[in-house]
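Chain residues, written in single-letter form:
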Amino acid sequence: MALSFLSPISLYCYYLRFFFTSSGLSRQAVDIDNDTTVHFWGPKNTHKTTALNPKPSLVLIHGFGPDSLWQWRKQVQFFSSQFNLYVPDLIFFGESTTKSPGRSEVFQAESMASLLEKLGVEKYSVMGTSYGGVVAYHMARMWPERVEKVVVASSGVNMKRSDNEELIRKSKMDDIGDLMLPKQVSDLRTLMELAVYGRFIHMIPDIILKDFIHKLYTPNRSKKLELLKGTIIGRVETVNISPLHQDVLLIWGAHDQIFPLEMAYELKGLIGKNVKLEIIKNASHVPQIENPTQFNNIVNSFLCSSSS
């Protein structure tokens, strides 16, 4: 086992933290009830932020993979000057944890909404990617009086059982847990090939990928498997989506192999009336990382525009 100071992934984590802190965020934790603690990055002196700083609030919800630190760096740098940012780790990611038996995306949404309520954040827009997009959808559905605008990025909110089965078939693995929580280098390479477009995955040394698995996929693996088993999407063949009343932006990578572009077009017709779909070329499942400049400009234009 590599010592932390010899671990390239640990060193990169320090690099990422620098960008979060230099953007005015600090690492914090809140007990939202007797069972659940949520760790998050937020404005310093969070409880005083609303009174002291009139900027609107934006919540960034990460996907099913490494925690928020790894998924939103470019967005934190870009949006921190315009918004009060709240970047939580979902339950069982990072250090967020619970004793509650809840494991569904709805439970995650309830936990994130409770965090913001505890912090005194009454109104906010929410942006979620992949699994986090499903969480963002449920936050907007359950608390329309709090959530102002919604950005859903590369997220199969409308995933059916057949979509789930096709993803497993495409990955050539036995179940979704093997794909989403890789234990071997070959499994991680498969996930990266599905999630990233036009990158030289085969050129990344095994030692880096082993360190990545050890540091980012091994912790809480059994609990994350419980989350996968507890997900609502992908269980049945019928899509049951309540339309949202907010303005919604769907933003997708043109070459997404996790949630193919066809799902984006279908979701656009299901999720509400005030919905805009933007497609980013030369990107797959993580356009906020693959093409952050275009991604950020599209999201910024949407968030700063007048509501329909």
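Residues numbered from 1 in each chain as written. Predicted model: local features only at pLDDT ≥ 70, side-chain atom pairs only at ≥ 80, totals over all residues. Heavy atoms only, no water.

1. A word on the pairing of strand β8 (residues 247-253)
As a general feature of sheets, a regular strand has side chains that alternate between the two faces.
And then number 1: In terms of residue burial, β8 counts as a mostly covered element, since 7 of its 7 residues are buried.
And then number 2: Where burial is concerned, the two faces of β8 agree: the one with Asp-247, Leu-249, Ile-251 and Gly-253 and the one with Val-248, Leu-250 and Trp-252 are both buried.
And then number 3: By the bridge criterion, 5 bridges tie strand β7 (residues 147-153) to β8 in an arrangement that is parallel. The residue of β8 that forms the bridge with Val-150 is Val-248.
And then number 4: Relative to strand β9 (residues 275-280), β8 is paired through 6 bridges, and the arrangement is parallel. Across the sheet, the residue bridging to Leu-250 is Leu-277, located in β9.
And then number 5: Where the polypeptide runs from β8 across helix α12 (residues 261-270) and back to β9, its parallel neighbour, the crossover connection is right-handed. (Buried < 20%, exposed > 50% of the residue type's maximum accessible area, 1.4 Å probe, protein only. Helix = DSSP H or I, 4+ residues; strand = E, 2+ residues; numbered from the N terminus. Pairing = 2+ DSSP bridges. Right-handed = clockwise from strand over helix to strand, strands pointing away.)

2. Section: the packing of aromatic side chains
And then number 1: Enumeration according to the criterion identifies 11 aromatic pairs in this entry.
And then number 2: Seen in terms of ring centroids, Phe-79 and Phe-83 are 5.9 Å apart; in terms of plane orientation they differ by 65°. Their pairing is edge-to-face.
And then number 3: Assessed through its relative accessible area of 0%, Phe-79 is described here as buried.
And then number 4: In this structure, Arg-73 is placed above the aromatic ring of Phe-19, and the distance from its NZ or CZ to the ring centre is 4.6 Å.
And then number 5: Lys-149 extends its terminal NZ or CZ atom over the ring of Phe-302, reaching a point 5.1 Å from the ring centre. (Phe/Tyr/Trp six-rings, centres within 6.5 Å; stacked < 30°, edge-to-face > 60°. Lys NZ or Arg CZ within 6 Å of the ring centre and 35° of its normal.)

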